[in-house]
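# Summary of structural features
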Amino acid sequence: MLGAAASQLTPYPSWLNTGDNTWQLVAATFVGLMSLPGLAVLYASIVQKKWAVNVLAMMFAGFSLVLIAWVLWSYKMGFGSTSIGGGVHNGVQTQLTGVGWVKHFFENFVGKPGGITGAADEQSQAVSAANTAVPFHFPTTTLAYFQFVFAAITPLLFLGSVLGRIKFSAWCLLVPLWSTCVYCVDAFLLWGGGYFAQEGALDFSGGYVIHMSAGVSGFVAAWVLGPRLLRDRQHAVPNNLVIAAVGAGILWLGWNGFNGGDPYYAGADAAAAVVNTNIATAVGVVVWMAMDAWLSKSKKPTFLGGVNGMICGLVGITPCAGFVNGRGAIYIGVICTVIVWFAWNYLSKVRPFSKVDDALGVIYTHGIAGLFGGLLLGIFGDPNTLELGCGKLDNVGQVVNTSANAAASQSSFITAHGGCTPFGVGGLMYTGSAHQLWEQTRAAIWVICWSAVVTFILMKLIGLVLRGARYSDEILEVGDLAIHDEEAFPDETFASRTSSVSAFELAGLTGSKSPPLGSESPPAGER
């Protein structure tokens, strides 16, 4: 008889599932591509060409700043295993009963800040109160990177509200401060096992934490900054709709990772979330373009209208992608798009919306769509659409799948047995109960208020530090050239005068008495 197997080198520990780990990293990369280049080229293409470089610069800087803060302190604030106050300790929620709501709220408010740059931090099994039912099947760095790309895209979304006047330096201060003070708090409360998660509020992939928060924060920041130049508002002409289509397409398909990665496992619910996402998005595109064709003054379908509908569908389905069925996805796509279309065309003419210059309408396509998507989960959540079913796990949390294991069958997976109850969401339409809708409403009110108040305070503080958070009108008249000394579409004159070797220096080097043909310095009025 052979003795115990000798220890040998292995590429991964027993708790790691290669399928789950691979899908989570791929999904994270999809979401990262939504920011760079997806959102970057979309926003840079639908603004005036004098602002294209500024948009790109702020996108890349914002993405980088969030990552640096994420690995040094903020990941653990949003998804760490222990909260400040100890309501969550080592990944376990300790105050599910018998605690007053004030104590319960503040001791489950945010995680303890800390870095994840050590070897043990990067390669140990991920632990978070975000998921207490089944152990994570991948290391901390997989979870951290997946959640980072969500954290990064959120401030980049509300850049659309403030572009065309915010200082680059103000943006570089706002992004890490806002991510720390707003995003991490909301993420822990709803995703990291904090108060609202324990109360039963749900946000499958960020309708509240990302989109509604971005919409509200962008709106408040735009209010504090004041409007763009009148000429910029009156002549806000996109500079390249073809490239905008590329960015929009990357955003759409990248959302497969956005929603498909949030079950945390490469299982059946991941596939359902991906399909539901695409259903709602397609519905949003068609509904918005149809409403443009039938109800707008021009009676013409527009490409940018289709992009708005696409975003409405994507954002609306995000809080419930893995909790509703395909019919629910259709309903959500229609309802969110119709509501936002009317808000975009009519609510924008009513105070306070008419008094705030939200440059790209983020409050509508992200804020309002995210709000209603989250609320509609309380109506269309299907208890038979399962994020987690019942099966048999071994001692490291891996699913045991053998012919002798009846619990691995589909019928047992969806049926409660042996103390296991499959996890789905019971909306009003299926259960007759408004409890989930109530929990969604409470969480929405919190995210709106917290995002608005903290963003207002941060913008005021940044304005004091920098003696104003917006550029002077003289700089705003010029745009990219004045701020970055670059243009997205430079003409020959600009290329000549910014060359490292001037035309006159070149003439001296070649022995010519005059500059080469075509390299004359431009008239003073064109500089």
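Just so it is clear, the structure is predicted and the values come from calculations on it, not from any experiment.

Procedures and definitions
- Residues numbered from 1 in each chain as written.
- Predicted model: local features only at pLDDT ≥ 70, side-chain atom pairs only at ≥ 80, totals over all residues.
- Heavy atoms only, no water.
- Helix = DSSP H or I, 4+ residues; strand = E, 2+ residues; numbered from the N terminus.
- Rg over C-alpha atoms; globule rule 2.2 N^0.38 Å.
- Buried < 20%, exposed > 50% of the residue type's maximum accessible area, 1.4 Å probe, protein only.
- Contact = heavy atoms within 4.5 Å.
- Expected span 1.5 Å × (residues − 1).
- Polar contact = N/O pair within 3.5 Å; in protein donor to acceptor, adjacent residues only side chain to side chain.
- Phe/Tyr/Trp six-rings, centres within 6.5 Å; stacked < 30°, edge-to-face > 60°.
- Axes fitted to C-alpha atoms, helices over the stretch in contact; angles between N-to-C directions.
- Left-handed = near helix turned anticlockwise from the far one by under 90°.
- Nonpolar A, V, L, I, M, F, W, Y, C, P; charged D, E, K, R; others polar.
- Patch = residues over 30% accessible without salt bridge, like charges linked within 9 Å, V, L, I, M, F, W, Y side chains within 5 Å.
- Areas by Shrake-Rupley, 256 points an atom, 1.4 Å probe, with all protein chains shown as cover.
- Salt bridge = Lys/Arg side-chain N within 4 Å of Asp/Glu carboxyl O.

## Overview of the overall build of the protein chain
For the protein chain, the count of helices and strands is 21 helices and two strands. Relative to the globule expectation of 24 Å for 527 residues, the C-alpha radius of gyration of the protein chain, 25 Å, shows essentially globular dimensions. With respect to the three principal axes, the spread of C-alpha positions in the protein chain is 95 × 60 × 45 Å. Out of the 527 residues belonging to the protein chain, those deemed buried represent 51%. The long-range fraction of contacts in the protein chain, counting pairs at least 24 apart against all pairs at least 6 apart in sequence, stands at 79%.

## Here's the deal with helix 10 (residues 241-260)
In this model helix 10 runs 28 Å from its N-terminal to its C-terminal C-alpha over 20 residues, within 8% of the 28 Å that 1.5 Å per residue would give. Taken residue by residue, helix 10 has A244, G247, A248, L251, G254, W255, N256, G257, F258, N259 and G260 as its buried positions. Tucked into the core, helix 10 has its buried residues touching helix 1 (18-46), helix 5 (140-162), helix 8 (207-225), helix 11 (268-295) and helix 12 (303-317). The N-capping residue of helix 10, defined by a side-chain oxygen 3.2 Å from the backbone nitrogen of V242, is N240.

## Quick word on the packing of aromatic side chains
For the structure on display, the rule yields 39 aromatic pairs. Members of the aromatic cluster, joined through ring pairs, are W70, Y75, F79, F136, F138, F146, F150, Y183, W191, W255, F258 and Y264.

## Some points on the environment of L33
Following the sequence through the fold, L33 ends up in helix 1. L33 sits in the partly exposed class, given a relative accessible area of 38%. Along the chain, L33 and G247 lie 214 residues apart, while their C-alpha atoms are 9.7 Å from each other. Among residues more than four places away in sequence, those in contact with L33 are G38 and I250.

## Things to note about the packing of helix 2 (residues 52-79) against helix 6 (residues 168-190)
Two elements in contact, helix 2 and helix 6, have axes separated by 9 Å at closest approach and are oriented at 35 degrees. The hand of the helix 2/helix 6 crossing is right-handed. For the pair helix 2 and helix 6, the contacting residues are A57, M58, A61, G62, L65, V66, W70, W73, S74, M77, G78 and F79 in the first and F168, W171, C172, V175, P176, S179, T180, Y183, C184, A187 and F188 in the second. Residues that form the contact of helix 2 with helix 6 fall into these classes: 18 nonpolar, five polar and no charged.

## Considerations on a nonpolar patch on the surface
On the surface, W223, V453, F456, I457, L461 and L464 cluster together into a nonpolar patch covering about 620 Å² of accessible area. The topology assignment puts V453 in helix 17 (residues 435-466). For V453, a relative accessible area of 48% gives the class partly exposed.

## Considering unusual backbone geometry
Cis geometry marks the peptide bond from L36 to P37, where omega comes out at 15 degrees. Looking at where P37 falls in the secondary structure, it is placed in helix 1. In the segment running from R351 into P352, the intervening peptide bond is cis, with an omega of 0 degrees. Following the sequence through the fold, P352 ends up in the loop between helix 13 (326-345) and helix 14 (362-380). Located in the positive-phi region is Y264, a residue other than glycine, with phi close to 75 degrees. Along the chain, the position of Y264 falls in the loop between helix 10 and helix 11.

## Regarding the side chain of N108
By the element assignment, N108 lies in the loop between helix 3 (101-106) and helix 4 (119-123). What N108 contacts, discounting residues up to four positions off in sequence, is S83, G87, V88, Q95, F188, L189, G194, Y195 and Q198.

## As for the pattern of salt bridges
As a working rule, side chains carrying opposite charge can pair if their charged atoms are close by. Scanning the model with the defined rule gives six salt bridges in all. A salt bridge links E107 to K103; the shortest N-O distance between them is 2.8 Å. Classification of E107 as buried rests on a relative accessible area of 19%. Given the relative accessible area of 44%, K103 is considered partly exposed.

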